[in-house]
Amino acid sequence: MSEKVLMSGNHVIGEAAARAGCRFYAGYPITPQNELTEYMAGVMDRLEDGIFIQAESEIAAINMVIGASMAGCRAMTSSSGPGISLKQEGISFLSAQELPAVIVNCMRGGPGLGNIAPSQGDYFQATRGGGHGDYRNIVLAPSSGQELADLTMKAFDYADEYRTPVIILQDGMMGQMMEPVLFPEPVDLKKLPPKPWILDGADGRPSRVIKSLLLDPSVEEELNWKLARKYEDISNEIQDAETYMTSDALLVVIAYGTAARIAKGAVNRVRKMGHRVGLFRPITLYPFPRRSLVDLGKSVNNMLVFEMSTGQMVEDVKLSMEGSSNIHFYGRPGGIISTPYEIAEKIKEIYVKIS
Amino acid sequence: MAKKIFSRPKYLKKAVFHYCPGCGHSIIHRIVAEVIEELDIRGKTIGIPPAGCAVLAYDYFDVDMAEAAHGRGAAVATGIKRVLPDRIVFTYQGDGDISAIGTAETIHAANRGDNITALFVNNSVYGMTGGQMAPTTLLGQMTTTTPGGRKIRRDGAPLNLSDMLGLVEGSVYIERTAVNSPRNIRRTKKAIKKAFKVQMANLGFSLVEILSPCPTNWKMSPVDACAWIEETMTSVFPLKVIKNEVGKI
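Residues numbered from 1 in each chain as written. Chains lettered and ligands numbered in written order. Predicted model: local features only at pLDDT ≥ 70, side-chain atom pairs only at ≥ 80, totals over all residues.

## So, the overall build of chain A
Cut-off, in case you're wondering: Helix and strand labels come from DSSP, where a helix needs a run of H or I of at least four residues and a strand needs a run of E of at least two; each type is numbered from the N terminus. Computation of the radius of gyration draws on C-alpha atoms, with the globule rule given as 2.2 Å multiplied by the number of residues to the power 0.38. To sort residues by burial, count the other C-beta atoms lying within 10 Å of each one's C-beta; a count of 20 or more means buried, 12 or fewer means exposed, and anything in between means partly exposed. C-beta atoms are built from the backbone. Each residue is represented by a C-beta atom placed from its backbone, and any two residues with such atoms within 7 Å are regarded as in contact.
For chain A, the count of helices and strands is twelve helices and 15 strands. Computed over C-alpha atoms, the radius of gyration of chain A comes to 21 Å, within 12% of the 20 Å expected from 2.2 N^0.38 for 355 residues, which places it in the range of a compact globule. Along the first, second and third principal axes, the C-alpha atoms of chain A reach 70 × 50 × 40 Å. Looking at chain A residue by residue over its 355 residues, the buried ones come to 54%. Across chain A, every contact between residues at least 6 apart in sequence was considered, and the portion connecting residues at least 24 apart equals 79%.

Here it is as C-alpha cells:
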C-alpha cells in the first residue's frame, strides 16, 4: 500500500499493528471496537506467523498478551471502557513485570455499561495507571486516521524500548470514521532490537524469572523507584503536542482526539471573525506535553479546555500551569458529540471578556 | 566404592524450601524437577507458578519461570505456548487458583485443546492466606471461613474441576493422584511424566490433580494429614484416571 487507502479507524489500527510487527492479538467482543478484533482475526490468518485468539474474557485476553510478551512477541489487545476496566489487573502486572504490550481503548460513554457513543471519560483510568499500584502507562491520543496508523506503529516501538504497556486512547468516533491513510512500510521483524530478557527456555543459559512478587519492602521500593525513573525518562523523551494558530493567540483551546477535531473547526470559525484563538492538542496524554504547554503559557493567559467528559485532562493542564494561566473548562460527557458551532459559542463567550 | 543413589534433583535450585513441615509441595516440586531431568527438557521448559503457597516456585525450579496473576496461569500459558509451540509449558496451581478464580481460564484453555500441562495441587484449603474455605473443601470441613464446617446450602458442595475438564473436547489426559504415601508418590510421578509426554507429542491439554497434605491448616500432624487424604479426601476426590485419550505414551 504505497498510496492512500480509505479505511475506518479500527481497521487502520489493525493494519498498522500488523505492519509494526504485531504477531499476537487476543481480544473479546465489545462495541464500538469490534471491527479491530475482526480485522486482527483476518490479518493474523493471512500472516504465516500471526496468532489470533478470541479469548473467553477480557481478563484472559490481557493475560494471553502477557504470556505472548514474555515469549518475546509483539502483542496487542483492544477493548472499550468496561472491558478495559477488566484488563486493569493485567496492565498492572505488565507494568510491574516490565513487559511491552499495546492496549487499544476505543472509549465509549460511561460509567457502568454506559453506551456505545464516543466519549473521553477514561482519561484518568489511562493516564493515572488504572490498576493497583504505583505505575503509569504511556498514553497516545490520535485524532485522525493517519495518526491512528502512525501512533500505532510508534506504540509498539515505545512499548519495546521502555518495556512498558502503551495505551492508544481513541473513541467510537475515531474507530468508526473512514479517512484516507498512507501506511508506512511494514517493519522487518528480524531487524527489531533483540530482547535478552524473554522466557523461551533456558537452553544453554541460566534460567530466568519474570515476576512482580517482591516480599521485601526495600526491594519493592526499589522497583517503584526504578519505574519512576523510567517514567521520568519517558516524560523527557516523548512528550508530543500539536499547536495550531497559537503564535498570536489570546486564547488557546486545549483538546485531544475527537474533541480536538471539533475544536479545530471551532477555532477556524472564530478566526474568520478575527478572533485571535489557537488550538493546543496533546498527542501524548502520558507523558502530558507540559513543556510545550508551559512555553505557550508565556504568551497566552487564557486557556479553554474542551473534553468529552466532565473534566479530567483539565487537571493536568492546571498542574502544568501551576496557577499561571486562567483555565476555563467546557465538557460534554456521556457520548454527546459537540459541534464546532457549540464550541465556537463557548470560545466567544470567554473571548469577549479577555480581548 | 560407595554408589550415590539419592541426591538433589539437577534442576531444583540449591534453595531451602519455605514450605511448612509435612506439606506436599516439597514432594511435588521434587517430582517435577526429576521429570524435567529425565525427559531432558530443562532447556525448553517454561513454568508458571500460581498466586498461593507455591508462588515462590520460581525460587526452586531451575527453568524459565513466568509469574502469573492469581488464577490466570492457563491464559499466560496459552500466550507463551502459542508463540513458542515447541516449548514445554506447565502451570503449577493450587485449588483456589485453578478452580475458583481461574476456573474460566482453565476450562477454556482445555476446551481450545491448548497444548499445555496443568499441575493442580488440591489441599482443600487456601493455604497461604491462612486456611480459608476453598472450592475443594469437603462438606463439614472446618476452615477459618467455615468455623462450623462447610455447609452445602450456604457454601455449595466441593467442586470437582478435573471431572468437569474431562467433559471438554480439547482435554486428552486427566488423572487424579496423591502424595500421601510412597506408592502414591510414585504414581504421581508417573502421571506428571505422562502429562509432559502428552504435551511433547503435541496431543492437547493435560492435567494432573494431586491431593496434597496441608498439616498446618488442617491442624493435624503430617502423619494424620496423610491418613486423612487416604480415608476422607479420596472418598470425594477418588484417585483415578479421569480421561485418557492418548493410550500408553
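## Some words on the sheet that holds strand β2 (residues 64–66) of chain B
The test is simple: Any two strands are treated as partners once DSSP identifies two or more bridges connecting them.
Strand order across the open sheet formed by eight strands is β9(A)-β2(B)-β1(B)-β3(B)-β4(B)-β8(B)-β7(B)-β9(B), with mixed pairing between neighbours. Each edge of the sheet is formed by a strand with only one pairing partner; in this case those strands are β9 (209–210) of chain A together with β9 (240–244) of chain B. As paired elements, strand β3 (residues 88–94) of chain B and strand β4 (residues 117–122) of chain B share five bridges and run parallel to each other. The residue bridging glutamine 93 of chain B from the neighbouring strand is phenylalanine 120 of chain B, located in β4 of chain B.

## Quick look at the nonpolar core
Our working definition: Here a nonpolar core is just a set of buried residues of the types Ala, Val, Leu, Ile, Met, Phe, Trp, Tyr and Cys, joined wherever their C-beta atoms sit within 7 Å. Bear in mind that the domain bounds are from an automatic or database domain assignment.
Grouped together as the largest cluster of nonpolar side chains are 183 residues, with contacts concentrated most on Val65, Val102, Val253 and Ala263 of chain A together with Ile80 of chain B. Take this core: its biggest share by element is nine residues, from helix α3 (residues 58–70) of chain A. Two domains each donate at least three residues to this core, and these are domain 1 (5–238) and domain 2 (242–354) of chain A. Once residues within four sequence positions are removed from consideration, valine 253 of chain A is found in contact with Ala263, Ala266, Val267, Val277, Leu279, Leu304, Phe306 and Ile347 of chain A.

## Examining the interface of chain B and chain A
At the interface, 29 residues of chain B touch 33 residues of chain A. Among the secondary structure elements, those contributing two or more residues to the side of chain B that touches chain A are β1 (45–48), β2, α2 (73–83) and α4 (103–111) of chain B. Per element, the largest residue contribution to the side of chain B that touches chain A is eight residues, and it comes from α2 of chain B.

## Some words on the pairing of strand β12 (residues 277–282) of chain A
Residues and elements named next belong to chain A. Just so we agree on the cut-off: By the criterion used throughout, a crossover qualifies as right-handed when its path from the first strand across the helix to the second strand runs clockwise, the strands pointing away from the viewer.
Here β12 lies mainly inside the structure; six of its six residues are buried. Residue alternation in β12 divides its side chains into two sets, Val277, Leu279 and Arg281 and Gly278, Phe280 and Pro282, and both sets are buried. Relative to β12, strand β10 (residues 241–244) runs antiparallel, the two being bridged by four bridges. Note that in β12 the partner of alanine 241 across the bridge is proline 282. Of the strand pairs in this sheet, strand β11 (residues 251–254) and β12 are connected by four bridges, and their pairing is parallel. In the strand pairing of β12, valine 253 is matched with leucine 279. Regarding topology, helix α9 (residues 257–272) serves as the crossover connection from β11 to the parallel β12, and that connection is right-handed.

## As for the packing of α3 of chain A against α2 of chain B
Cut-off, in case you're wondering: Simply put, an axis is a line fit to the C-alpha atoms, just over the touching stretch for a helix, and the angle between two N-to-C directions goes from 0 to 180 degrees. Oblique is the label for any angle not covered by the other classes, which are roughly parallel (under 35 degrees), roughly antiparallel (over 145) and roughly perpendicular (65 to 115). Crossings are sorted by hand: turned counterclockwise from the far helix by less than a right angle, the near helix makes the crossing left-handed, and turned clockwise it makes it right-handed. Note that Gly is not counted as nonpolar here; it falls among the polar residues with everything else outside the nonpolar set of Ala, Val, Leu, Ile, Met, Phe, Trp, Tyr, Cys and Pro and the charged set of Asp, Glu, Lys and Arg.
It is at 6 Å that the axes of α3 of chain A and α2 of chain B come closest, and there the two elements cross at 45 degrees. As judged from the angle between their axes, α3 of chain A and α2 of chain B are oblique. For the crossing formed where α3 of chain A meets α2 of chain B, the hand is right-handed. Residues Ala60, Asn63, Met64, Val65, Ile66, Gly67, Ala68 and Met70 of chain A of α3 of chain A touch α2 of chain B, and the partners they reach there are Ala75, Val76, Ala77, Thr78, Gly79, Ile80, Arg82 and Val83 of chain B. Class assignment for the residues of the contact of α3 of chain A with α2 of chain B results in eleven nonpolar, four polar and one charged.

## Considering the domain arrangement of chain A
Residue and element names in this part refer to chain A. In terms of domain boundaries, chain A breaks down into domain 1 (5–238) and domain 2 (242–354). Distance between the C-alpha centres of domain 1 and domain 2: 28 Å. Residue-level contacts link 28 residues of domain 1 with 22 residues of domain 2. At the level of elements, α5 (123–127), β6 (138–140), β7 (165–171), α7 (172–176) and α8 (217–238) are the ones that each hand at least two residues to the side of domain 1 that touches domain 2. Among the elements that make up the side of domain 1 that touches domain 2, the one with the highest residue count is α5 (four residues). Residues that form the side of domain 1 that touches domain 2 fall into these classes: 15 nonpolar, ten polar and three charged.

## Considerations on helix α11 (residues 313–321) of chain A
Side chains of residues three or four places apart in an α-helix project in the same direction, reflecting 3.6 residues per turn. All names here are of chain A. What counts, and what does not: This arc is taken over the directions from the axis of the helix to the C-beta atoms.
When α11 is considered as a whole, its buried residues turn out to be Met313, Val314, Asp316, Val317 and Ser320. Down the axis of α11, the buried side of the element spans an arc of 160 degrees, and every buried residue falls inside it. Buried residues belonging to α11 abut α5, β11, α10 (290–297), β14 (302–307) and β15 (326–331). Note on α11: the residue one or two positions beyond its end, glutamate 322, has a positive phi of about 45 degrees.

## Side note on the packing of α10 of chain A against α11 of chain A
All names here are of chain A. One can describe the packing of α10 onto α11 by two numbers: an axis separation of 9 Å at closest approach and a directional angle of 65 degrees. Helix-helix and strand crossings are classified by hand; for α10 and α11 the assignment is right-handed. Of the residues in α11, those in contact with Arg290, Leu293, Val294 and Gly297 of α10 are Val317, Ser320 and Met321. Here the contact of α10 with α11 is built from residues that sort into four nonpolar, two polar and one charged.

## Section: the sheet that holds β15 of chain A
Residues and elements named next belong to chain A. The five strands are arranged β10-β12-β11-β14-β15 in an open sheet whose pairing can be described as mixed. Because the sheet does not close on itself, it has two edges, and the strands there are β10 and β15. Sheet twist, expressed as the average angle between the axes of neighbouring strands with direction ignored, equals 20 degrees. Bridge analysis of β11 against β14 gives four bridges, and the strand direction is parallel. Pairing of valine 253 across the sheet is with leucine 304, part of β14. Here α11 sits on the sheet in contact with β11, β14 and β15, set at roughly 155 degrees to β14.

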